[in-house]
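# Structural characterization, general
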Amino acid sequence: MSAPDQRVPFSYARLALIAGNTFLEAVRQKLFNLMLLLAVGLVASVQAFRAFNFGSSELKFIFDYGLGALVFFGSALTVTATAQLFFSEIESRTALTLLAKPVWRTEFIFGKLLGVWAVVGVFCALVTGLLIGLIAYREHALMAANPEMFTGAGRPVPYGDIVIVGVLQWLKFGVLAAATLLIASFSNTNLYTVIVGFFVLVICHLQYIAVEAYAHLTSLPLRVLVATLSHVFPNFQVFNLAEQIGPDSGVDGLVALRVAAYALTYIFVLGGLAVYSFRQREI
Amino acid sequence: MPPAPAPPAAVPPASARPATAAIELRGLTKDFPVGLRGVKLRAVDNLTLDVPAGQVFGLLGPNGSGKSTTIKVILGLLEPTLGTCRVFGVPSGQVASRRNVGYLPESPYFYRYLSGEELVRFYARVCGVPRARLAARVGEVIEWVGLTGAAGRRVGTYSKGMLQRIGLAQALVHDPRLIILDEPTAGVDPVGSAEISAMILRLKAEGKTVLITSHLLAQIEDVCDRIAILDRGRLILAGTVAELVGRRDRQALLVETLPEAELAELRAWLAARGRTLEAVEQPRTRLDQLFLREIARSEGQREGRS
Ligand SMILES: Nc1ncnc2c1ncn2[C@@H]1O[C@H](COP(=O)(O)OP(=O)(O)OP(=O)(O)O)[C@@H](O)[C@H]1O
Ligand SMILES: [Mg+2]
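Residues numbered from 1 in each chain as written. Chains lettered and ligands numbered in written order. Predicted model: local features only at pLDDT ≥ 70, side-chain atom pairs only at ≥ 80, totals over all residues. Heavy atoms only, no water.

With that out of the way, let us pick up the overall build of chain A. What chain A contains, in helices and strands, is 9 helices and 0 strands. Along chain A, helices (α) and strands (β) appear in the sequence α-α-α-α-α-α-α-α-α when read from the amino end. Every one of the 283 residues in chain A was classed for burial, and the buried ones make up 48%. Put simply, chain A shows about 13,600 Å² of open surface, and 70% of that area lies on carbon and sulfur atoms. (Helix = DSSP H or I, 4+ residues; strand = E, 2+ residues; numbered from the N terminus. Buried < 20%, exposed > 50% of the residue type's maximum accessible area, 1.4 Å probe, protein only. Areas by Shrake-Rupley, 256 points an atom, 1.4 Å probe, with all protein chains shown as cover.)

Here the focus is the environment of Gly207 of chain B. All names here are of chain B. As for its position among the elements, Gly207 is in the loop between α5 (190-205) and β8 (209-213). A relative accessible area of 49% means that Gly207 is categorised as partly exposed. Spatially, the C-alpha atom of Gly207 lies 31 Å from that of Lys30, the residues being 177 residues apart in sequence.

Where charged atoms from two side chains of opposite charge come close, those side chains can pair. Residues and elements named next belong to chain B. One pass over the structure, following the stated rule, counts 14 salt bridges over all chains. The partner of Asp175 in a salt bridge is Lys208, with the nearest N and O atoms 2.9 Å apart. Of the two residues, Asp175 sits in the loop between α4 (160-172) and β7 (178-182) while Lys208 sits in the loop between α5 and β8, which places them 33 residues apart along the sequence. Given the relative accessible area of 10%, Lys208 is considered buried. Here the residues in one salt-bridge network are Asp31, Arg42, Asp45 and Arg234, joined through shared partners. (Salt bridge = Lys/Arg side-chain N within 4 Å of Asp/Glu carboxyl O.)

On to the confidence of the model for chain B, then. When pLDDT drops low, the exact placement of atoms in the prediction is not to be read closely. All names here are of chain B. Per-residue pLDDT for chain B has a mean of 87; in total, 93% of the residues score no lower than 70. Predicted confidence for residues 1-18 stays below pLDDT 50, and this span has 8 contacts to residues more than four positions away or in other chains. For this predicted complex, the interface confidence comes out at an ipTM of 0.87, alongside a pTM of 0.86. (pLDDT = per-residue confidence, 0-100. Contact = heavy atoms within 4.5 Å.)

The next subject is the environment of Leu257 of chain A. Topologically, Leu257 of chain A is positioned in helix α9 (residues 253-279). Residues Leu257 of chain A and Ile283 of chain A lie 26 residues apart in sequence; the distance between their C-alpha atoms is 39 Å.

Our next topic: the packing of aromatic side chains. Given two aromatic rings, one states the distance between the centres and the angle between the planes to describe the pair. Applying the stated criterion to the full structure yields 18 aromatic pairs over all chains. Ring geometry for Phe23 of chain A and Phe32 of chain A: centres 5.6 Å apart, planes at 50°, overall tilted. By relative accessible area, which is 16% here, Phe32 of chain A ends up buried. Here the aromatic residues Phe110, Tyr111, Tyr113, Phe122 and Tyr123 of chain B are joined through ring pairs into a cluster of three or more. The aromatic ring of Phe278 of chain A is capped on one face by Arg105 of chain A, whose charged end is 5.3 Å from the ring centroid. Residue placement shows Arg202 of chain B over the ring face of Trp144 of chain B; its charged tip is 4.9 Å from the ring centre. (Phe/Tyr/Trp six-rings, centres within 6.5 Å; stacked < 30°, edge-to-face > 60°. Lys NZ or Arg CZ within 6 Å of the ring centre and 35° of its normal.)

Here we take up the site of ligand 1. All names here are of chain B. As a structural note, the neighbourhood of ligand 1 is formed by 14 residues, with Asn63, Gly64, Lys67, Ser68 and Thr69 the closest of them. Those elements that place two or more of their residues in the shell around ligand 1 are β2 (40-52) and α1 (67-74). With 3 residues, the top contributor of residues to the shell around ligand 1 is α1. (Near = heavy atom within 4 Å.)

Here we come to the coordination of the magnesium ion (ligand 2). Each protein donor to the magnesium ion (ligand 2) is listed here as Ser68 of chain B (OG) and Glu106 of chain B (OE); together their distances run 2.0 to 2.5 Å. In this pair, Ser68 of chain B is assigned in helix α1 and Glu106 of chain B in the loop between β6 (101-104) and α2 (116-126), connecting sequence segments 38 residues apart. (Donors = N, O, S within 2.8 Å, 3.2 Å for Na, K, Ca; no water.)

Another point: the side chain of Asp182 of chain B. All names here are of chain B. The topology assignment puts Asp182 in strand β7. This buried residue, Asp182, is left without a salt bridge; Lys67 holds the nearest opposite charge, at 6.8 Å. A polar atom in the side chain of Asp182 sits 2.8 Å from the side chain of Ser68. Engagement of the side chain of Asp182 in a polar contact is seen with the side chain of Thr213, the distance being 2.8 Å. If we skip the residues at most four places from it in the chain, Asp182 touches Ser68, Ile71, Leu104, Pro105, Glu106 and Thr213. (Lys, Arg positive; Asp, Glu negative; His and termini not counted. Polar contact = N/O pair within 3.5 Å; in protein donor to acceptor, adjacent residues only side chain to side chain.)

Here we take up the sheet that holds strand β1 (residues 21-33) of chain B. All names here are of chain B. What the 4 strands build is an open sheet, ordered β2-β1-β4-β5; its pairing is antiparallel. With partners counted over all chains shown, the strands left at the sheet margins are β2 and β5 (90-91), one partner each. One ladder, built from 9 bridges, connects β1 with β2; its direction is antiparallel. What sits directly across from Glu24, in β2, is Asp50. Each of β1, β2 and β4 (82-87) touches α1; the most contacted strand, β1, lies at about 115° to it. (Pairing = 2+ DSSP bridges. Axes fitted to C-alpha atoms, helices over the stretch in contact; angles between N-to-C directions.)

This next bit is on the interface of chain B and chain A. Taken together, the contact pairs 37 residues of chain B with 29 residues of chain A. Here chain B meets chain A over a buried area of about 3,200 Å², counting both sides, of which 59% is carbon and sulfur. The tally of links from chain B across to chain A stands at 2 salt bridges. One salt bridge in this structure joins Glu282 of chain A and Lys30 of chain B, with 2.7 Å as the shortest N-O distance. Our count for the chain B to chain A interface comes out at 9 residue pairs in polar contact (both at pLDDT 80 or more). Here the element with the most residues in the side of chain B that touches chain A is α2 of chain B; it accounts for 5 residues. In terms of residue class, the side of chain B that touches chain A is built from 20 nonpolar, 6 polar and 11 charged. (Buried area = accessible area lost by both parts, 1.4 Å probe. Nonpolar A, V, L, I, M, F, W, Y, C, P; charged D, E, K, R; others polar.)

This part takes up the nonpolar core. In terms of nonpolar packing, the biggest core is built from 151 residues, with Phe86, Leu98 and Ile135 of chain A together with Ile180 and Leu211 of chain B touching the most fellow members. Every residue in contact with Phe86 of chain A, bar those within four places of it in the chain, is listed here: Phe108, Ile109, Lys112, Leu181, Ala184, Ser185, Phe278 and Arg281 of chain A. (Core = buried A, V, L, I, M, F, W, Y, C linked by side-chain atoms within 4.5 Å.)

Residue and element names in this part refer to chain B. Secondary-structure assignment places Arg165 in helix α4. Owing to a relative accessible area of 16%, Arg165 belongs among the buried residues under this scheme. Here Arg165 is in contact with Val145, Gly146, Leu147, Val188, Asp189, Gly192 and Glu195, once residues within four sequence places are set aside.

Next up on the list: the sheet that holds β6 of chain B. All names here are of chain B. Strands sit in the order β6-β7-β8-β3-β9-β10 across an open sheet of 6 strands; the sheet is mixed. Either end of the sheet is taken by a strand with one partner, and the two such strands are β6 and β10 (234-240). Strand after strand, the sheet turns through a mean of 15° between neighbouring axes, direction not considered. Summarising the sheet, strand β3 (residues 56-60) and strand β9 (residues 226-231) pair through 4 bridges and their orientation is parallel. Looking across to β9, one finds that Phe57 is bridged to Arg226. Where α4 meets the sheet, its contacts fall on β6 and β7, and the angle it forms with β6 comes to roughly 170°. Those strands touched by α5 are β3, β7 and β8, and its axis lies near 150° from that of β8.

See the structure below:
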């Protein structure tokens with residue numbers, strides 16, 4: 001009866017269940033309605049700028065504008081949704097019931113992470129898809145209006161690269177979600193988590209400036225310190241491959257893969273730290 | 001000091017030791033940090049207790065006496081400051097100790113965005129109920145707790161008593177061997193309370209162990225085999241209900257109301273045998289029994305009409 005061999009192995013099925021439930025919570029909280037609203041806003045605002053008629057640079061403008069919206073709203077969504085979906089479990093004490101079942105805390109944390117990442121994934125897919133649709137629509141219209149602008153190079157818009165840029169942003173949001181979850185795992189309130197999460201976001205975006213500024217330092221301890229910090233905080237600038245998109249160049253596939261590996265490494269390390277810290281937490 | 005656990009080889013087979021403890025607490029102490037200067041609150045103080053398998057065990061005590069804290073330690077949700085806790089022999093820090101445990105938290109609150117049925121199904125799947133039996137099992141426990149009609153509604157719309165009931169359903173869905181109920185009757189109507197009592201007795205008949213806390217002492221007395229009373233985290237009394245509240249030297253006889261003359265005769269009869277009639281009382285129906293009877297009658301009438 002009381003067999004000591006009754007182990008409970010780590011289960012991907014349970015992890016997926018928790019992730020699915022987290023995703024469902026986001027769906028039923030009408031988070032996606034909000035996203036849809038954002039998307040409609042995006043289309044409408046791009047339509048408003050059309051009046052200026054930028055010519056073929058208009059397409060570049062639409063792309064930059066859409067990417068900006070993806071980065072900005074995606075970051076905000078990632079930080080707030082991660083904190084909210086984590087603390088809804090803690091504050092409403094549903095974590096109590098769940099963790100009183102044979103559930104590993106690792107399954108709980110990575111389940112939450114995966115659920116949030118799926119939500120953000122839907123958002124990225126939505127905005128990227130919309131952006132491609134908008135660009136294709138304008139490209140078609142511009143081609144019809146002044147075909148001489150489009151001679152030679154063929155279709156100037158590298159749609160594949162836009163998809164890659166969207167995927168890379170999604171990977172970046174995965175890193176951000178893992179970092180936010182790490183903060184949430186030891187903090188007491190939702191608000192604190194969101195605020196610190198945004199600080200981390202800014203640091204990750206700007207850390208490359210510090211690293212460049214201190215590159216010429218001669219003092220070894222300072223160099224070590226800066227190097228350490230630059231590894232503690234992931235560098236979000238590496239995800240920004242949009243500059244590489246253009247008529248002649250394209251996104252280098254190998255670079256994209258390396259960036260993806262960079263993101264996954266950070267996701268696992270930060271997620272692992274979140275599990276470690278959550279294990280000490282009293283529910 | 002907690003005794004060292006016996007090596008597995010020395011443990012006799014289950015059939016040879018029917019009275020294994022489902023829960024073993026040894027010197028359990030739990031401190032909470034409160035205040036700024038490292039002030040500690042001792043919520044549970046050196047508690048040593050066995051909950052024998054197959055029994056209904058009542059954990060009693062005033063508010064804040066450490067009942068819920070003890071339960072959370074048993075479930076591995078809190079780490080003991082000192083002492084040990086084992087569930088079916090497995091230390092409660094390990095995930096495996098929760099395998100055979102169902103838990104109803106006090107004032108439960110569940111995923112508001114799920115329907116009652118989705119909620120129970122989610123927990124069933126988390127606990128590894130096989131897919132083939134999932135739908136049948138979920139329907140069965142929902143019927144037990146009397147929520148079949150409301151199973152499709154969002155949990156967020158449930159009343160307090162309905163939350164307790166759905167909580168009970170999720171605690172039972174994976175057919176655990178140990179069921180821990182933290183105030184299962186709080187907010188439940190007397191009919192529901194009586195149903196919960198009946199369910200606890202049925203679980204006991206199936207050989208399950210039940211640990212229950214409640215402030216309804218009459219109910220505890222009816223269903224529990226053993227009780228323990230805590231006060232400020234300390235165990236102040238433990239034992240079987242029969243030995244604690246039973247009086248073996250007294251009997252109560254219930255008869256039709258006797259005329260005064262016959263009563264005098266009875267007294268004389270007893271006096272001739274050297275005994276006395278200590279009390280003559282008019283028994284009253286207990287209010288809960290009256291309530292249950294009247295509700296049953298009203299429901300019966302409504303069914304008759306419809
Ligand atoms: N997380 C916590 N942090 C600080 N103190 C706590 C915490 N949880 C419980 N306590 C304290 O521990 C003591 C015991 O609380 P517990 O919830 O175990 O009481 P209880 O016996 O279940 O009471 P009730 O009958 O009201 O449910 C109380 O004084 C409570 O304030
Ligand atoms: Mg309590």
